[in-house]
Amino acid sequence: MSSTLGSTGAPVRLGVLGCADIAWRRVLPSVAATSSVRLVAVASRDAAKARRFADRFGGEAVTGYADLLARDDLDAVYVPLPVGLRHEWVGRALAAGLHVLSEKPLTVGPDTSAELLAEAGRRGLTVMENFAFRYHRQHHELRRLVSEGAIGRPRALMCEFGVPERAPGDIRHDPSLGGGALLDVGVYPLALAQFLWGDGLRVGGAVLEHGADTGVDVRGSVLLRAPDGRTAQVGFGFGLHYRNEYTVWGEAGAVRLDRAFTPPETLRPTLELRTGAGAEDLLSEPDHQFRNLLDAFADGVRGVAPVDAAPVLELADLVDRVRRSAAEAVTG
């Protein structure tokens, strides 16, 4: 059961439901790097896996997710379980009175996401998706450059996020767990399009390629159109040369950013600005996007700065429309 933190600076007491790779590589090291969150316990169905995480990051190893939710020394949980399991376990965490930081997307579809957010609202709890890129200064600096006219009137966004083939048996190939490239990597460029172009994006067309053996989507392309006519072309998938970058193309130039979604905290990102006056590489300062996100989550839990849940539903709706557009392209 969550305690009332109010606006105090006490660290949010965090439990973790599931020992996923993203928790090991990025999120829990970031918990250790901030004073706003304190790890209390890590749960897995595998006792040895929970112990391995606790030995590295601290806290207590717990066998079983339900046992972690029954604790009385937590304020919030981080849920890196497969997307197909999040509806159940985020719901159970909310029922236990706990705030939730969830891997993205929150659930497999808009109806289940809306159900969880409504429940969180009734209980006065914070639910946040782990889209850390939104908390890295590089994207805000690029957006500022564009808004100040550095490339003239912006007309198009091109964004790609592709990763090498996943190993056989990987959960991303399991349809029962919400597998597929759209929900794993495709949501990043879609969320970026919303971050840069705003709400109201229309799906002009979509293609999803499905694996013959698994049935899940493995690659995809989407064309989006903003209400003011700006477009976004996004590509994503498994079994591709690793790439995560985007370009904003305007009437007087373009600006490009590499390592868009996965910059290490020591990296000085480069905004590659190209105009008729020439080329200029603008160095940004290093930033710790996961630590920034955890601090924002803690502020939401404490009631210092509420977390806006609207982007969760907006993205869920966009993903659903992408799916429907791709299906219509096949049947039409």
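Whatever comes next refers back to the structure up there.
Computed from a predicted model, the values in this text were never measured in an experiment.

Attention now moves to the packing of aromatic side chains. Tallied over the entire structure, the rule returns twelve aromatic pairs. A centroid spacing of 6.0 Å and a plane angle of 80° characterise the contact between F131 and F133, whose relative ring orientation is edge-to-face. Consider the rings of F161 and Y242, whose centres lie 6.4 Å apart with planes at 85°: the pair is edge-to-face. Here F161 is found in strand β7 (residues 154–162), whereas its partner Y242 is found in the loop between β10 (231–237) and β11 (243–250), with 81 residues between them in sequence. Residue classification places Y242 among the partly exposed positions, given a relative accessible area of 36%. Within the aromatic cluster, the residues linked to one another by ring pairs are F131, F133, F161, Y188, F195, Y242 and F261. Sitting over the face of the ring of W24, R56 holds its NZ or CZ atom 4.4 Å from the ring centroid. The ring centre of F195 lies 3.9 Å from the NZ or CZ of R143, which sits over that ring.

Moving on: the sheet that holds strand β5 (residues 99–102). Judged by pairing direction, the sheet is parallel, and its six strands sit side by side in the order β3-β2-β1-β4-β5-β6 without closing on themselves. What marks the edges here is a single partner per strand, and that holds for β3 (60–63) and β6 (127–129). Across the sheet, the axes of successive neighbouring strands diverge by a mean angle of 25°, strand direction being ignored.

For the rest of this paragraph, the subject is the sheet that holds strand β12 (residues 253–258). Strand order in the open sheet formed by eight strands is β8-β9-β10-β7-β11-β12-β13-β14, with mixed pairing between adjacent strands. The strands lining the two open edges of the sheet, one partner per strand, are β8 (202–210) and β14 (278–283). On average, each strand axis in the sheet is tilted by 10° relative to the strand beside it, whichever way the strands run. Across eight bridges, the pairing between β8 and strand β9 (residues 217–225) is antiparallel. Note that in β9 the partner of E209 across the bridge is R219. Contacts between helix α6 (residues 137–147) and the sheet are confined to β7, β11, β12, β13 (270–275) and β14, with β12 contributing the most and set at about 180° to the helix. On top of the sheet, helix α9 (residues 310–331) reaches β8 and β9; it is set at about 70° to β8, its chief contact.

Where helix α2 (residues 47–57) is concerned, the buried positions are A50, F53, A54 and F57. Buried residues along α2 cover an arc of 95° about the axis, so they all sit on one side. Away from its buried face by more than 90 degrees, α2 exposes A48 and D55. Lining the buried residues of α2 we find α1 (21–32), β2 (37–44) and β3. One side-chain oxygen at the N-terminal end of α2 lies 2.9 Å from the backbone nitrogen of A48; it belongs to D46. Directly after α2, the chain includes G58, whose backbone phi takes a positive value near 95°.

This next bit is on α6. Of all the residues in α6, the buried ones are Q138, H139, L142, L145 and V146. Mapping the buried residues of α6 onto a view down its axis gives an arc of 120°, with all of them on the same face. Among the structural elements, β7, α7 (181–197), β11, β12, β13 and β14 are those in contact with the buried residues of α6.

Thresholds, definitions, all that
Residues numbered from 1 in each chain as written. Predicted model: local features only at pLDDT ≥ 70, side-chain atom pairs only at ≥ 80, totals over all residues. Heavy atoms only, no water. Phe/Tyr/Trp six-rings, centres within 6.5 Å; stacked < 30°, edge-to-face > 60°. Helix = DSSP H or I, 4+ residues; strand = E, 2+ residues; numbered from the N terminus. Buried < 20%, exposed > 50% of the residue type's maximum accessible area, 1.4 Å probe, protein only. Lys NZ or Arg CZ within 6 Å of the ring centre and 35° of its normal. Pairing = 2+ DSSP bridges. Axes fitted to C-alpha atoms, helices over the stretch in contact; angles between N-to-C directions. Contact = heavy atoms within 4.5 Å. Arc of directions from axis to C-beta. Polar contact = N/O pair within 3.5 Å; in protein donor to acceptor, adjacent residues only side chain to side chain.

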